[in-house]
Amino acid sequence: MTNSKLPLIPFCIAASVIIIGSVASLFMAPAKDKPCPFPDIGSPIASAMVIYDSREIQLDTRKLAVIINQSSNEANAKAEDVPLPQGGIFKLVRVKKPMGLVVVINDSPESIEEIRELAAEAEKQKLLPKESIAKLRNCNARLDVSSANNPTKVTDKAIIIDATMTDLDPANPAVQHFLHTLQGSAQGITFDCVNGVWLKP
């Protein structure tokens, strides 16, 4: 990894903060009770982000599961509505084959701002052609792809995340093929958070 790629990595960590922040209050029980276990939603640390324009491409978890399952005979994906402690639902696509991972649709206002910042950083470092920068600036959603293994622990005082832990490397050929499937379906642009690079079309 070169120094020119390093400034982009914090955006993926910031993505995890949004996910954790949106549900954190649900896990912290009163002091006299034990904390709620973190739900099985995979890692909150995105290994890759497929950034797209949801005004042109409408996706939901069930559509994504169908797209993934049709991509190969071996694919095994299922849309899930994971119940959260004290109420609420977390929507995701759980993929078991060809590798274990989770896909979450993220169209929060915070994620849109992060997309703008990613575009500005990519332009500054000349990491993408001008047409891709322009396309990126129009995007308002992303597919956060993360490991199915969750490095999150909940204590009675804090939620602890090992931000360095991920066993999902987008440089792996099988993972790259999967990301290309999502990228093509979303007509998007993909950022590899682990290695700090943009995925080639």
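Relevant structure appears above.
Residues numbered from 1 in each chain as written. Predicted model: local features only at pLDDT ≥ 70, side-chain atom pairs only at ≥ 80, totals over all residues. Heavy atoms only, no water.

Asks: Looking at this structure, I do not really get the overall build of the chain. What am I missing?
Replies: Counting secondary structure elements, the chain contains 5 helices and 9 strands. With 201 residues in all, the chain has 48% of them scored as buried. Expressed as a percentage of contacts within the chain between residues at least 6 apart in sequence, the contacts between residues at least 24 apart total 68%. For the chain, the exposed area adds up to about 10,300 Å²; of that, 54% sits on carbon and sulfur atoms. (Helix = DSSP H or I, 4+ residues; strand = E, 2+ residues; numbered from the N terminus. Buried < 20%, exposed > 50% of the residue type's maximum accessible area, 1.4 Å probe, protein only. Contact = heavy atoms within 4.5 Å. Areas by Shrake-Rupley, 256 points an atom, 1.4 Å probe, with all protein chains shown as cover.)

Asks: Looking at this structure, I do not really get the pattern of salt bridges. What am I missing?
Replies: A side chain with one charge may pair with a side chain of the opposite charge, provided their charged atoms come close. Applying the stated criterion across every chain, the model contains 7 salt bridges. K91 is the salt-bridge partner of D81, the closest N and O atoms lying 3.3 Å from each other. Here the residue D81 occupies a position in strand β2 (residues 76-83), and K91 occupies one in strand β3 (residues 89-97), the gap between them amounting to 10 residues. Here K91 falls in the partly exposed class, since its relative accessible area comes to 47%. When the shortest N-O distance is used, the salt bridge between E123 and R137 registers 2.7 Å. Taken together, the positions of E123 in helix α3 (residues 109-124) and R137 in helix α4 (residues 130-138) put the pair 14 residues apart, joining distant regions of the chain. A relative accessible area of 43% places E123 in the partly exposed class. In the salt-bridge network here, residues are joined through shared partners; they are R62, D81 and K91. (Salt bridge = Lys/Arg side-chain N within 4 Å of Asp/Glu carboxyl O.)

Asks: Looking at this structure, how should I read the nonpolar core?
Replies: Where a protein is soluble and globular, its nonpolar side chains tend to be buried together. Ranked by internal contacts, the top residues of the largest apolar core, which has 26 residues, are V103, V145, F178 and L182. Breaking this core down by element, the ones donating at least two residues are β1 (48-52), α2 (61-71), β2, β3, β4 (101-106), β5 (141-147) and α5 (173-186). No other element matches the 5 residues that α5 contributes to this core. Those residues in contact with F178 that sit more than four places away from it in its chain are I68, V95, M99, L101, V103 and V145. (Core = buried A, V, L, I, M, F, W, Y, C linked by side-chain atoms within 4.5 Å.)

Asks: Would you explain the environment of S72 in this entry?
Replies: Looking at the secondary structure, you find S72 in the loop between α2 and β2. Take S72: its relative accessible area is 30%, and that puts it in the partly exposed class. When the C-alpha atoms of S72 and K97 are compared, they prove to be 9.8 Å apart, with 25 residues separating the residues in sequence. Side-chain polar atoms of S72 contact the backbone nitrogen of A75, separated by 3.2 Å. (Polar contact = N/O pair within 3.5 Å; in protein donor to acceptor, adjacent residues only side chain to side chain.)

Asks: What exactly am I supposed to notice about unusual backbone geometry here?
Replies: Excluding glycine, a negative phi dihedral is what most residues carry, and trans is how most peptide bonds are arranged. With an omega dihedral of 10°, the bond running from K97 to P98 counts as a cis peptide bond. Tracing the chain through its elements places P98 in the loop between β3 and β4. In this model, K126 sits at a positive phi of 55°, which is unusual for a non-glycine residue. By secondary structure assignment, the location of K126 is in the loop between α3 and α4. K126 gets classed as exposed once you look at its relative accessible area, which sits at 74%. A positive phi angle, near 50°, is found at Q187, a position not held by glycine. By the element assignment, Q187 lies in the loop between α5 and β8 (189-192).

Asks: So what exactly am I meant to see when it comes to the sheet that holds β5 here?
Replies: The pairing of strands in a sheet happens through backbone hydrogen bonds and is either parallel or antiparallel. Strand order in the open sheet formed by 7 strands is β2-β3-β4-β5-β1-β8-β9, with antiparallel pairing between adjacent strands. Edge positions in the sheet fall to β2 and β9 (197-198), since each has one partner strand and no second. Summarising the sheet, β1 and β5 pair through 5 bridges and their orientation is antiparallel. Within the sheet, the bridge partner assigned to V50 lies in β5 and is L143. Sheet strands touched by α5: β1, β3, β4, β5 and β8. Its angle to β1, the strand with the most contacts, is close to 15°. (Pairing = 2+ DSSP bridges. Axes fitted to C-alpha atoms, helices over the stretch in contact; angles between N-to-C directions.)

Honestly, it's all geometry; don't read function into it.
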